[in-house]
Amino acid sequence: MTTDDAARRPSGVASAPPSFARRHAWIGVLVVGAVLFLAVERTMVATGDPNFVPSSILLGAAIVPAAFLTFVYGRRLPYDVPAPVVATAAFLGGVIGTVVAGTLEYDAQRDLGFLPMAAVGLIEETSKLLIPLAVLIFFRRYRTAADGLLVGVAAGAGFAALETMGYAFVTLLQSKGSLIATVDVLLLRGIMSPAGHMAWTGIAAAALFAAAESHWRGRAIGRFIAAYLLAVALHTLWDSQSSLIGTAIVAIVSLAALGWTVHRVARSAGVPGRHGRRAAVR
């Protein structure tokens, strides 16, 4: 037995419940982030100093993704992956994911003259899985579905934050410096981010890690393909909506799918249920 194998938690043994501070840390992240954003935004409006624009866009784009990632980390799931790996996945998932997706989308649009919505979903969902796949390759001990869920949500958070920053910057330029329009984009995309990139990548990465944990058995691979196609389909439906109501419906379905994934991961790991009974280990 290797050191890595010995260090891993035995199958079906649930981790200790997270502390109160860890379970509720997301509230602190959200509140502190919101206060900082309001302080920067109000100072920028009062002084008219454009030097505050980058800080405002950064905070506005990152607060909700960071809070939701912290919320997921505080759930009662048997995570083994440490916080530094999660933070690195969020950073690299954003940078590498957006660069790869942007390059592929540009090349496809140049060659085809247009880019179907399904192609956008396919490209971006594949790009966001690069960092979770790298974690599987370079950190072989972290390959449970719970670890995949956390790493996937982290990669999606980084991607969502950087994408929102880009949209906000473009809005600022196109609106000729309208702070109201820019803040509206930050708020809307920030609030919706957990139901978008974070949910989709979390769903697909959890299935990817589960397949790796099962030594790539056929059924596990089939579940990963199904989860990946679900993420692409939800992404495509999201991009195809022309109304806020339609987007909200897709958001609800995406969050429901993520919640079902969390429930399935907890059940497979034997995490005690609401009344203290241990779920059946499959």
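Here the structure is a predicted model, which is why all the values come from computation and not from measurement. (Residues numbered from 1 in each chain as written. Predicted model: local features only at pLDDT ≥ 70, side-chain atom pairs only at ≥ 80, totals over all residues. Heavy atoms only, no water.)

Colleague: An account of the packing of aromatic side chains is requested, with residue identities and associated values reported.
Modeller: Enumeration according to the criterion identifies six aromatic pairs in this entry. Here the aromatic rings of tryptophan 26 and phenylalanine 71 are separated by 5.6 Å at their centres, their planes lie at 85°, and the arrangement is edge-to-face. One end of the pair, tryptophan 26, is in helix α3 (residues 25–47); the other, phenylalanine 71, is in helix α4 (residues 53–73), with 45 residues separating them in the sequence. Classification of tryptophan 26 by relative accessible area gives partly exposed; the value is 28%. Residue phenylalanine 71 is classed as partly exposed on the basis of its relative accessible area, which comes to 30%. Among the aromatic residues, those joined into a ring-pair cluster are Trp26, Phe68 and Phe71. The lysine or arginine in question, arginine 22, covers the ring of tyrosine 73, its NZ or CZ lying 4.2 Å from the ring centre. (Phe/Tyr/Trp six-rings, centres within 6.5 Å; stacked < 30°, edge-to-face > 60°. Helix = DSSP H or I, 4+ residues; strand = E, 2+ residues; numbered from the N terminus. Buried < 20%, exposed > 50% of the residue type's maximum accessible area, 1.4 Å probe, protein only. Lys NZ or Arg CZ within 6 Å of the ring centre and 35° of its normal.)

Colleague: Residues and numbers for the layout of surface pockets, please.
Modeller: There is about 840 Å³ of room inside the second largest pocket. Lining the second largest pocket are 33 residues, and of these Glu163, Tyr167, Arg189, Trp238 and Asp239 sit closest to its centre. For the lining of the second largest pocket, the elements supplying multiple residues, two or more each, are α5 (83–112), α6 (117–128), α8 (145–174), α9 (179–192), α10 (197–213), α11 (218–240) and α12 (244–269). Residue composition of the lining of the second largest pocket, by class: 15 nonpolar, twelve polar and six charged. (1 Å grid on protein atoms, 1.4 Å probe; cavity = no way out; pocket = protein on both sides within 12 Å on 5 of 7 lines; lining within 4 Å. Points joined across faces, edges and corners; volume = space filled by probe spheres on them. Nonpolar A, V, L, I, M, F, W, Y, C, P; charged D, E, K, R; others polar.)

Colleague: Describe in detail unusual backbone geometry, supporting the description with residues and values.
Modeller: Phi is positive for histidine 215, close to 65°, though the residue is something other than glycine. Residue position: histidine 215 is located in the loop between α10 and α11. Since its relative accessible area comes to 68%, histidine 215 is described here as exposed. Located in the positive-phi region is tryptophan 216, a residue other than glycine, with phi close to 60°. Relative to the helices and strands, tryptophan 216 is located in the loop between α10 and α11.

Colleague: Mind laying out the side chain of serine 127, listing which residues take part and the relevant values?
Modeller: With respect to the secondary-structure elements, serine 127 resides in helix α6. Its relative accessible area of 3% is what places serine 127 among the buried residues. For serine 127, the side chain forms a polar contact with the main-chain oxygen of isoleucine 123, separated by 2.8 Å. Ignoring anything within four residues of it in the chain, the contact list for serine 127 reads Gly97, Val100, Ala101 and Leu104. (Polar contact = N/O pair within 3.5 Å; in protein donor to acceptor, adjacent residues only side chain to side chain. Contact = heavy atoms within 4.5 Å.)

Colleague: Explain the side chain of glutamate 125 to me, using residue names and the numbers behind them.
Modeller: Structurally, glutamate 125 is set in helix α6. There is a polar contact of 2.7 Å between the side chain of glutamate 125 and the side chain of histidine 235. For glutamate 125, the contacting residues outside a window of four places in its chain are His197, Trp200, Thr201, Tyr228, Ala231, Val232 and His235.

Colleague: Hey, could you go over helix α7 (residues 130–138) for me, with residue numbers and the actual values?
Modeller: When we look at burial in α7, the residues that qualify are Ile131, Pro132, Val135 and Leu136. Burial along α7 is one-sided: seen end-on, the buried residues are contained in an arc of 150°. Residues of α7 that are exposed and angled more than 90 degrees away from the buried face: Ile137 and Phe138. (Arc of directions from axis to C-beta.)

Colleague: If you had to explain empty space enclosed by the protein to someone new, which residues and values would you point to?
Modeller: All chains considered together, the criterion is met by one cavity of 30 Å³ or more. If you trace the largest cavity, you find it lined by Met44, Val53, Ser56, Ile57, Leu172, Leu179, Thr182, Val183 and Leu186. At the level of elements, α4 and α9 are the ones that each hand at least two residues to the lining of the largest cavity. The biggest single contributor to the lining of the largest cavity is α9, with four residues. For the lining of the largest cavity, a count of residues per class yields seven nonpolar, two polar and no charged.

Colleague: How would you summarise the nonpolar core if you had to cite specific residues and measurements?
Modeller: Counting residues in hydrophobic clusters, the biggest one holds 41 residues, and the most contacted among them are Leu69, Leu77, Tyr79, Val81, Leu149, Leu150 and Val153. Looking at this core, the elements with two or more residues in it are α4, α5, α7, α8, α10, α11 and α12. With ten residues, the top contributor of residues to this core is α10. Discounting residues that sit within four places of it in the chain, valine 153 has contacts with Phe68, Leu69, Val72, Met198 and Gly202. Counting residues in each nonpolar core, the second largest holds ten residues, with Met44, Val53, Ile57 and Ala168 among its members. (Core = buried A, V, L, I, M, F, W, Y, C linked by side-chain atoms within 4.5 Å.)

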